[in-house]
Amino acid sequence: MLELNNYYIQELENLTDLFTNIFVIIDDIYNEIIPIGIMNRRNIKDSKLSDSEIITISIVGELLTIDSEKSFFSLLKREYKELFPRLGDRTRFNRTKRNLHLVISKIRGYISEFMQLYSNNIRVIDSMPIPVCEFGRAHFSKCFKGEASYGICASKKETYFGFKFHALTTVDGFLTDYVITPANIDDRNAVWDLCDKYRSISIIGDKGYINKRLTPELKGERDIDLLFLKRANSRDNYPKEVRQLLFKVRRRIETSFSQLTEQLNLNKVKSKSMLGFITRTSIKVLAHNISFLINKLMKNDDSMAKIKRLVFG
């Protein structure tokens, strides 16, 4: 594994610094873990941008929260021509980005492994809805037919059409794993996929993960302790100080979800295909995590704060 903790990350003064820092990290990881066959694939020499440049541009684009890709490309051509003199066509850029979805996933996994070296064995689990269109248009929409489904958002007490984003985070908010399911999939059914690579950890969830069978099965098969906030009228509820601690820990994943939705627009689906949706989601999660990593390398525990100030002023 690369010695990521030995990187020198300069103070972020402008977006050029942000592009540079992200590119250096992405390119080093890319050259470390991506197979030679992908690096030297057919016609790669004719590409105007390297894979690392495409991924870097995509990450910064998500951090800028510019909904219009046309506007973002205009910004790049106008303000950052020296960084990307051969930017090329937007349609071709997006096609190549979609083809790199497995590469993006590998890079995200690599960063996740590195960050988990510095975390304990406690994870927080939760889910959030990702509507793909307005509820009134769902019956007539052709997007994601046979892939998305109707589900209920408990916090808003409303039905929506789309997907559900299930995630695990560390106690300080780094997103280690996620899966996307149709909206009608129960949160408890996604736990097994999220925990597939884990043994002997503790997971903290909310009331949505209460299940008499799930907790002992996780403990017996994988030595995973599933702790969840119990209902107020539960006869065997935790002591008050334990409830307060669990609630405090769970608030961090809510902050991470807030960053994913409010800053990175995870819940706004602009893609028209499943591959595009998966790729765009992976880029958004990678953008969140690499922001977290940069702040760690800068010895700053306030995750994403510097980048958020840089982007939004």
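Higher on the page you've got the structure.
Here is a short report on the structure shown in this document. (Residues numbered from 1 in each chain as written. Predicted model: local features only at pLDDT ≥ 70, side-chain atom pairs only at ≥ 80, totals over all residues. Heavy atoms only, no water.)

**Description of the overall build of the chain**
Applicable threshold: Note on conventions: DSSP H or I runs of at least 4 residues are helices, E runs of at least 2 residues are strands, and numbering of each starts at the N terminus. A contact between two residues is defined here by any heavy atoms of the two lying within 4.5 Å. Note on areas: Shrake-Rupley, 1.4 Å probe, and residue coverage restricted to the protein chains presented here.
On a plain count of helices and strands, the chain comes out with 11 helices and 6 strands. Residue pairs in contact within the chain that sit at least 24 positions apart in sequence constitute 64% of those at least 6 positions apart. Surface summary for the chain: the accessible area is close to 16400 Å², and the carbon and sulfur share equals 49%.

**A short note on the nonpolar core**
Quick reminder of the rule: Think of a nonpolar core as a cluster: buried Ala, Val, Leu, Ile, Met, Phe, Trp, Tyr and Cys residues, connected wherever their side-chain atoms sit within 4.5 Å. Buried residues are those whose accessible area, probed at 1.4 Å on protein chains only, stays under 20% of the maximum for their type, while exposed residues exceed 50% and partly exposed ones sit between those limits.
Core analysis: the biggest nonpolar cluster contains 71 residues, and I22, I55, I57, I59, I111 and F165 have the highest contact counts within it. Per-element accounting of this core gives the leading share, 10 residues, to helix α10 (residues 274-297). Excluding residues that lie within four positions of it along the chain, I57 makes contacts with F19, L49, F72, L76, F84, L87 and F93. Of all hydrophobic cores here, the second largest spans 16 residues; its members include A190, V191, L194 and I203.

**Considering the packing of helix α3 (residues 51-63) against α10**
What counts here: The convention used is that axes are lines fitted to C-alpha atoms, helices contributing only their stretch in contact, and that angles between N-to-C directions extend from 0 to 180 degrees. Geometric relationships in this document are graded by angle, where less than 35 degrees denotes roughly parallel, more than 145 denotes roughly antiparallel, 65 to 115 denotes roughly perpendicular, and other angles denote oblique. Amino acids outside the nonpolar list (Ala, Val, Leu, Ile, Met, Phe, Trp, Tyr, Cys, Pro) and the charged list (Asp, Glu, Lys, Arg) are all regarded as polar, and Gly is one of them.
At a minimum axis separation of 9 Å, α3 and α10 run at an interaxial angle of 80°. Between α3 and α10, the crossing angle belongs to the class labelled roughly perpendicular. The residues of α10 that touch α3, namely those facing I55, S58, I59, E62 and L63, are R280, I283, K284, L286, A287, I290 and S291. Considering only residue class, the contact of α3 with α10 consists of 7 nonpolar, 2 polar and 3 charged.

From the geometry alone we can't say anything about function, so treat these as descriptive.
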